[in-house]
Amino acid sequence: MAAKLTQDEHLTYGMISARTRQRMVDRLREKGISDPRVLRAMREVPRHLFVDQALATRAYDDVSLPIGHGQTISQPLTVARMTEALLDGRTTGAGRILEIGTGCGYQTAVLLKTGAEVFSIERLANILDQARQNLRAAKLTHARLVHGDGHFGLAAAAPFDGIIMTAAARHIPQALVEQLAEGGRMIMPIGEEEQHLWLLEKTPQGLQKNRLDPVKFVPLLSGYD
Ligand code: SAH
């Protein structure tokens, strides 16, 4: 069990992290992130609350970090790029977003801060509990967190304006394509050893596919426990 911080330590750490977070946002801007909604969300979410206490000092470095159970929290630049790609072109609010792979809940938090209505599916119950606690600590309690296999999406809440997957699939799950609204966007890593981010858009002419950056995500697995 990680030691809890005292109230004073919380205040001090909060001030330090606000400054460190601003530096992280400056670096994101230098690397080409420009959507003000994304930059604001990244500045506002206290990323150190989503990683283990022992790693909190590295929370604002641009690296992915372990979150237990063999899973990782994505590096800030990847979170920012994916969120920006998802929101790009949407001028009337972030809309209704489905996330596959809640993990520690950091990406969920960033999406919530952009004003999106967020549904997030995670296959590991322990990880989902941890995400719920992390989001509560960050005072972001309005995401719908679902325990299940993201391959099947969430038909009951479809259609979605955006779908974001934070584990690498081998193929595009058909259920997700069906649950995407007309004009909606889906961003996901695809591949095994070699992976790329793909941006998919549902248009009247069909699914438009664009391959983006090479990435490294944990695999999308089947079933849940
Ligand atoms: N977005 C997360 C990163 C998550 S890591 C963050 O910000 O921390 C990927 C997560 O996807 C892991 O927690 C893993 O358990 C989950 N996952 C893998 N396959 C899945 C599936 N089929 N359905 C739902 N979640 C899945």
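Everything in this summary refers to the structure shown in the same document. (Residues numbered from 1 in each chain as written. Predicted model: local features only at pLDDT ≥ 70, side-chain atom pairs only at ≥ 80, totals over all residues. Heavy atoms only, no water.)

Counting residues in hydrophobic clusters, the biggest one holds 48 residues, and the most contacted among them are Leu28, Met42, Phe50, Ile73, Tyr106 and Ile187. Secondary-structure elements contributing two or more residues to this core are helix H1 (7-30), helix H2 (36-44), strand S1 (65-68), helix H3 (76-87), helix H4 (106-113), helix H5 (125-137) and strand S8 (195-203). Once residues lying within four places of it in the same chain are set aside, the contact partners of Met42 are Arg21, Met24, Val25, Leu28, Pro76, Val79, Ala80, Tyr106 and Val110. Within the second largest apolar cluster, 19 residues are counted, among which are Phe119, Val177, Met188 and Leu200. (Core = buried A, V, L, I, M, F, W, Y, C linked by side-chain atoms within 4.5 Å. Buried < 20%, exposed > 50% of the residue type's maximum accessible area, 1.4 Å probe, protein only. Helix = DSSP H or I, 4+ residues; strand = E, 2+ residues; numbered from the N terminus. Contact = heavy atoms within 4.5 Å.)

On to the environment of Gln22, then. Inspection of the secondary structure assignment puts Gln22 in helix H1. Along the chain, Gln22 and Glu44 lie 22 residues apart, while their C-alpha atoms are 9.2 Å from each other.

The next subject is the site of the ligand. Near the ligand there are 26 residues, and of these Cys104, Glu122, Asp149, Gly150 and Leu221 occur at the shortest range. Contact distances for the ligand include 3.2 Å between a nitrogen atom and a backbone N or O atom of Gly101. At 3.3 Å, a backbone N or O of Arg123 approaches a nitrogen atom of the ligand. If you list the elements that add at least two residues to the shell around the ligand, you get strand S2 (71-73), strand S3 (96-100), H4 and strand S4 (117-122). No other element matches the 3 residues that S2 contributes to the shell around the ligand. Residues belonging to the shell around the ligand are distributed by class as follows: 12 nonpolar, 10 polar and 4 charged. (Near = heavy atom within 4 Å. Polar contact = N/O pair within 3.5 Å; in protein donor to acceptor, adjacent residues only side chain to side chain. Nonpolar A, V, L, I, M, F, W, Y, C, P; charged D, E, K, R; others polar.)

We now examine unusual backbone geometry. The omega angle of the peptide bond from Ala158 to Pro159 is 5 degrees, so this bond is cis rather than trans. Relative to the helices and strands, Pro159 resides in the loop between strand S5 (144-147) and strand S6 (160-165). Phi angles above zero are rare outside glycine, and Lys139 is one such case at about 60 degrees. Among the residues examined, Lys139 registers a relative accessible area of 72% and is labelled exposed.

This part is about H3. Taking 1.5 Å of rise per residue, 12 residues should cover 16 Å, and H3 covers 16 Å from first to last C-alpha, within 8% of that figure. Among the 12 residues in H3, 11 count as buried, and that is most of the element. Just beyond H3, the residue with positive phi is Gly89, at close to 90 degrees. (Expected span 1.5 Å × (residues − 1).)

Geometric values such as these leave the question of function open.
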